[in-house]
Structures are given as structure tokens and as C-alpha cells.
Amino acid sequence: MRSLCGFAMLCLPFLAEGQVSNYEPYDDSDLLEEFERPKKLHFGMNINMGKAGGKSSVFYNGAGMGDLDDVFREVISIPERLDWNSVAGGSGNTVRNQIAQSLGVANAGAMSVATYPIDQRYDVGFGFGLRVMQRFNLENSLVLDVDIWRLKSRGAWQLDTGELPDQGQGSTDLREFGIFASEERTVISLGYRSASPIDRSMSWIFELGGNLTASRIREHYIEVSGNTYDLIVPIGGQVSGPSPQDLTWGIGYGGYVRLGAEAYMDAGAGLELSYRLGYDSVVLGTSDFRVLNHGLQLTWLFPPPQVAAASF
């Protein structure tokens, strides 16, 4: 990731060789004194890549300790899922028997969970969003970002089949399987941004602000022998009600700091590359997790619209 940041920083000046048409040209001597710079309203598009803090992924460890605070669905543990009927609300074959059959285990009742995930983590995630930025002058701005993230969490758990491996010479027969979850987050950030010019084509930027994070679980399941078994199920065997994608959003608040550089391009457009460190509240069901989130953000700032910007 350090190499990517370094390469991108080196590329920014070359992307900004053109004359900036709607900013007052300036050179190194101008930086020694005050000079006028225009107020502009910008719109932009964000492309994000980041690593979500792993603390909230404990919600998906298969122990069934989380509460969705939902009237239709609940989170259950892996052992509960093993004994769940394969027909919702009915008395059909249990998942335990299905798994035993797929694994070739003779005694389904002897199966149990040996270990839960000890390293449940989020994969590297990607997000997209929009920006509105009011530039008071080239150094000072207010920035509003709205970004949508799709995150995936994964881990591994072990099933004890209750049989003796290696023709009866071993002590336990442990099989490892995956446990997965996907999550959607909408992050609304409002911050103050300060720029420090390097030359007339580029500035360092520093931004500090607060944000709102809305989180919702999309999927949570285990996978055994190519089959998936949901760990978010109807309460009391209900067969109606919303799908997991319709679960309630959890709202949390936090703060962030952003460091990076902006290259100034033709017609007042800009290209910004930054690193963002956020201390966020991630609410999943009734659980509130305080996590550190790391991200890289590439922002294309469109040329300012030909209308009067807000006056301050």
C-alpha cells in the first residue's frame, strides 16, 4: 500500500501540467505574501479502497450472541443452525442430518462445533461516492462526502464429526469450513479542509471532521461441502417477513482525519489522492463497536459549475 501511495503522489504533478484557467496564476514568490483566490463550489466523485476495523466482525463469529433488534429475524449460532429444520416452520430433516450425509458421517448426533473463528476479519473493501466542496479560497474549504461501501467478512470454524480418523488411529476427526457475512455501510462525512500549496499546480491537504455511519447486514451464513446455511433466520419459524437485506439500519457517529495532495487541472478541475483514518461507531443490531477504519480515496473534482457559489 505504501508503494501505491508513493507512485500516485509522484504521478499527481504530471496530471496537472496544464494552466489552471479559473485560478489566479502564481509562482513561488507569490507564496511569500497574501493574494486573492476565488471562491468556488465543486462537485466530485470518490473511489475508495480500505480496510475496515476487525472489532465489529466478532458479530459474525457463529456464536449467535448478537441481537438484530428485529421483529421478524434473529441471529442464531452454528449449533442452533445444525438442529434447524430444513423446512422452515416444519418438522422436516434437520440441517445436521443433511451435513452428515454430505460428509459421509454415520452418526449425525455426535457432530459438534470444535472451535469458532478466532480471526474473523473483513476483506479489503471498495466504495464509491459523491462530494460537494465549498472552497472559500484555495487554502480553506468545507467538504461533504457521501460514500457507500460493500464489505465482506470471513473466518473459519471447525466441526468435530465425532468419528475416529485414519482408520480409527486418530483421536478426533476435525473438518474446517468457512463462515461468511456481507455488510453495507453508508458514510456521510462533513469536514474542514486546509490546503498548503507546493507550487501553482499542486497542494498538500489536511482535513478534519465528523461522520455518520449507517450499517446494515446483508448476508450471514456458513458453507459446508458447497452448501450454504443462513445464520439469520425467521423468528419462531415464520415464513413471511422481510429478507435479511431489509433489516434495520444501525446508526453510529465518529470522526476522521484525512491527509493527501490535490493536483489542479484545466478549467478548475482537480484530482485528489488521500489517506483517511476514521474512528467510527459501527452499529450492528443492538451492538455498538468502536473501530479504526483505514482507507485510500481518489477524488475527481469536476470543473466548477458556471453559477455563483455560496457567499460566506
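First, a word on scope: everything that follows refers to the structure included in this document. (Residues numbered from 1 in each chain as written. Predicted model: local features only at pLDDT ≥ 70, side-chain atom pairs only at ≥ 80, totals over all residues. Heavy atoms only, no water.)

Here's the deal with the environment of glutamine 134
Working step 1: Counting through the fold element by element, glutamine 134 comes out in strand E5 (residues 124-135).
Working step 2: For the pair formed by glutamine 134 and lysine 40, sequence separation is 94 residues and the distance between their alpha carbons is 6.1 Å. (Helix = DSSP H or I, 4+ residues; strand = E, 2+ residues; numbered from the N terminus.)

A look at the packing of aromatic side chains
Working step 1: As enumerated under the stated definition, the model contains 3 aromatic pairs in all.
Working step 2: Each ring, one from phenylalanine 59 and one from tyrosine 60, has its centre 5.6 Å from the other, and the planes form 80 degrees; the classification is edge-to-face. For the pair phenylalanine 59 and tyrosine 60, a shared accessibility class is recorded, and that class is buried. (Phe/Tyr/Trp six-rings, centres within 6.5 Å; stacked < 30°, edge-to-face > 60°. Buried < 20%, exposed > 50% of the residue type's maximum accessible area, 1.4 Å probe, protein only.)

A look at the environment of serine 141
Working step 1: Residue position: serine 141 is located in strand E6 (residues 140-160).
Working step 2: When its relative accessible area of 1% is taken as the criterion, serine 141 is described as buried.
Working step 3: Sequence-wise, serine 141 and lysine 40 are 101 residues apart; in three dimensions their C-alpha atoms are separated by 9.3 Å.
Working step 4: Once you skip the residues sitting within four places of it in the chain, serine 141 turns out to touch Met133, Gln134, Arg135, Phe136, Gly191, Tyr192 and Arg193. (Contact = heavy atoms within 4.5 Å.)

Here's the deal with helix H3 (residues 95-103)
Working step 1: Listing the buried residues of H3 in full gives Val95, Arg96, Ile99, Ala100 and Leu103. Summarising the axial view, the buried residues of H3 lie within an arc of 135 degrees, below the 170-degree limit, and thus occupy one face.
Working step 2: On its buried side, H3 packs onto helix H2 (78-82), E6, strand E7 (174-199), strand E8 (202-224) and strand E9 (227-230).
Working step 3: Positive backbone phi, at 75 degrees, marks glycine 104, one or two positions downstream of H3. (Arc of directions from axis to C-beta.)

Quick notes on the pairing of strand E11 (residues 250-264)
Working step 1: The sheet contact formed by E8 and E11 spans 14 bridges and is antiparallel. Across the sheet, threonine 213 pairs through a bridge with glycine 252, a residue of E11.
Working step 2: The turn joining E11 and strand E12 (residues 270-284), which pair antiparallel and follow one another in sequence, is formed by 5 residues; a positive phi near 60 degrees is taken by alanine 267. (Pairing = 2+ DSSP bridges.)

Digging into unusual backbone geometry
Working step 1: Notably, aspartate 69 is not glycine yet its phi reads approximately 55 degrees, a positive angle.
Working step 2: Residue placement: aspartate 69 occurs in the loop between strand E1 (40-51) and strand E2 (73-75).
Working step 3: Using a relative accessible area of 56% as the deciding quantity, one classes aspartate 69 as exposed.

What to know about the side chain of serine 281
Working step 1: Inspection of the secondary structure puts serine 281 in strand E12.
Working step 2: A relative accessible area of 2% means that serine 281 is categorised as buried.
Working step 3: Within the structure, serine 281 has its side chain in polar contact with the side chain of aspartate 288 (distance 2.6 Å).
Working step 4: Discounting chain neighbours no more than four positions away, the residues touching serine 281 are Thr213, Gly252, Tyr253, Asp288, Phe289 and Arg290. (Polar contact = N/O pair within 3.5 Å; in protein donor to acceptor, adjacent residues only side chain to side chain.)

Comments concerning the pattern of salt bridges
Working step 1: Throughout the structure, instances matching the rule amount to 15 salt bridges.
Working step 2: With a closest N to O distance of 3.2 Å, arginine 218 and glutamate 184 form a salt bridge. Taken together, the positions of arginine 218 in strand E8 and glutamate 184 in strand E7 put the pair 34 residues apart, joining distant regions of the chain.
Working step 3: According to the relative accessible area criterion, arginine 218 is partly exposed, its value standing at 23%. (Salt bridge = Lys/Arg side-chain N within 4 Å of Asp/Glu carboxyl O.)

Considerations on the nonpolar core
Working step 1: Membership of the largest hydrophobic core comes to 21 residues, with the highest contact counts inside it found for Ile78, Ile99, Leu103, Trp157, Leu159, Ile222 and Val224.
Working step 2: Among the elements that line this core, the one with the most residues is H3, at 4 residues.
Working step 3: If sequence neighbours within four positions are ignored, isoleucine 99 has contacts with Leu82, Met111, Leu159, Val224 and Tyr229.
Working step 4: By size, the runner-up hydrophobic cluster in this structure holds 17 residues, among which are Phe59, Tyr60, Val187 and Ile232. (Core = buried A, V, L, I, M, F, W, Y, C linked by side-chain atoms within 4.5 Å.)

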